[in-house]
Amino acid sequence: KLGHFLPHQRLRPRALYTSPNGLFICKKGKIGIRQARGQRPRQCFLILCAGCVISLLMKIILKIGTNVLVNNKNCLDLVLMQNLVQEISRVYNQNHQIIIITSGAVATGREMAQSNQLFRSALAALGQAKLIKYYHDFFSQQGIQIAQILLSANSFKNRPRFNLLKETLLQLASNRIIPIINENDTTVLKDTFGDNDFLAAIIAVLVDAQKLVFLTDLDGLYSSDPKIDKNARIIQEVKSVDLEIQRMC
Ligand code: GLU
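(A) Focus on the overall build of the protein. On a plain count of helices and strands, the protein comes out with nine helices and 12 strands. Looking at the protein residue by residue over its 249 residues, the buried ones come to 39%. For the protein, contacts bridging at least 24 residues in sequence account for 62% of all contacts bridging at least 6. Per element, the accessible surface of the protein, about 15300 Å² overall, is 53% carbon and sulfur.

Written out as structure tokens, the structure is:
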């Protein structure tokens, strides 16, 4: 597309996306090249293939594990959480869509509970409120709205519910609201997802995400559980999901 653009410093607040090498997309969908302060506006021609556009505007599913959020006393690490939210906001403000799957409700509930008699489901209910409060506060500081969604396996078992969930997620994402999802630990029995990794994978497929990112205390995929097996080795790259990989999962 052909466009006329103002110098970078005046245009940047209106740009939807600015790449490190100075290309940007403004809100009207025109594409330009960043210019130094004081330079006259200039025209530019650029051709973007469909692949480029997808890589600029990605749907990213980000799964945040409990061990990332708590310190060595198993308490929510608020400084770390605030820094993490700033980093996520930086990526988000490049106009990607982000959906967060967070764990940490049970650990937060355990930190808060004044009785050690509470069931896991009660700890999750107690902790979830505080966990989402901090996400809300830290994202508000970045000028970003969030929404809370609690899901169980039943949410995916029937087509109308499945469709409603998909539409809700896409509508929130396209209205620049970050959905923050956790399992609804208060109502799950044997039908639990097990851990939120699986839930994150389902959501990635549901919304047709381009990236699924796991923030965890592990370096990557291991041949067996490194916390139990000293001989566990890390697998740098999975080229195909064969039977051996399936067995590890
Ligand atoms: N839903 C659980 C929580 O919020 C965590 C599940 C998991 O370990 O991933 O504490």
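(B) Up close: the environment of leucine 126. Its location among the elements puts leucine 126 in helix H6 (residues 120–141). Here the alpha-carbon distance between leucine 126 and alanine 105, two residues 21 residues apart in the chain, equals 7.6 Å. In contact with leucine 126, not counting residues within four places along its chain, are Gly109, Met112, Ala113 and Leu118.

(C) Region of the structure containing the site of the ligand. All residues adjacent to the ligand are Ser103, Gly104, Ala105, Val106, Arg120, Asn182, Asp185, Asp195 and Asn196. Residue glycine 104 places a main-chain N or O atom 3.2 Å away from an oxygen atom belonging to the ligand. Between aspartate 185 and the ligand, the recorded distance is 2.9 Å, taken from a side-chain N or O atom to a nitrogen atom. Relative to its free-state accessible area of 300 Å², the ligand is covered by the protein chains to the extent of 86%.

(D) Quick look at helix H7 (residues 159–174). In a regular helix each residue adds 1.5 Å, so 16 residues correspond to 22 Å; H7 covers 22 Å between its end C-alpha atoms and thus fits that length. Looking at H7, one finds that the buried residues are Leu165, Leu169, Leu172 and Ala173. Around the axis of H7, the buried residues are gathered within 100° of arc, so they sit on the same side. In H7, those exposed residues whose orientation departs by more than 90 degrees from the buried face are Arg159, Pro160, Leu164, Glu167 and Gln171. Capping of H7 at its N-terminal end is provided by asparagine 158; its side-chain oxygen lies 3.0 Å from the backbone amide nitrogen of arginine 161. A positive phi of about 60° marks arginine 176, the residue just after H7.

(E) Summary view of a nonpolar patch on the surface. On the surface, Leu221, Val238 and Val241 cluster together into a nonpolar patch covering about 230 Å² of accessible area. Take leucine 221: it is sitting in strand S11 (residues 221–222). According to the relative accessible area criterion, leucine 221 is partly exposed, its value standing at 30%.

(F) Structural view of the pairing of strand S9 (residues 177–183). Most of S9 sits out of view: seven of its seven residues are buried. Residues Ile177, Pro179, Ile181 and Glu183 point to one face of S9 and Ile178, Ile180 and Asn182 to the other, with burial holding for every one of them. Alignment of strand S7 (residues 97–102) against S9, held across two bridges, turns out to be parallel. Looking at the pairing, isoleucine 100 lines up with isoleucine 180 of S9. Where strand S8 (residues 145–151) lies against S9, seven bridges are found, and the strand directions are parallel. Residue leucine 150 lies in a different strand from S9, and its bridge partner there is asparagine 182.

About the criteria used
- Residues numbered from 1 in each chain as written.
- Predicted model: local features only at pLDDT ≥ 70, side-chain atom pairs only at ≥ 80, totals over all residues.
- Heavy atoms only, no water.
- Helix = DSSP H or I, 4+ residues; strand = E, 2+ residues; numbered from the N terminus.
- Buried < 20%, exposed > 50% of the residue type's maximum accessible area, 1.4 Å probe, protein only.
- Contact = heavy atoms within 4.5 Å.
- Areas by Shrake-Rupley, 256 points an atom, 1.4 Å probe, with all protein chains shown as cover.
- Near = heavy atom within 4 Å.
- Polar contact = N/O pair within 3.5 Å; in protein donor to acceptor, adjacent residues only side chain to side chain.
- Expected span 1.5 Å × (residues − 1).
- Arc of directions from axis to C-beta.
- Patch = residues over 30% accessible without salt bridge, like charges linked within 9 Å, V, L, I, M, F, W, Y side chains within 5 Å.
- Salt bridge = Lys/Arg side-chain N within 4 Å of Asp/Glu carboxyl O.
- Pairing = 2+ DSSP bridges.

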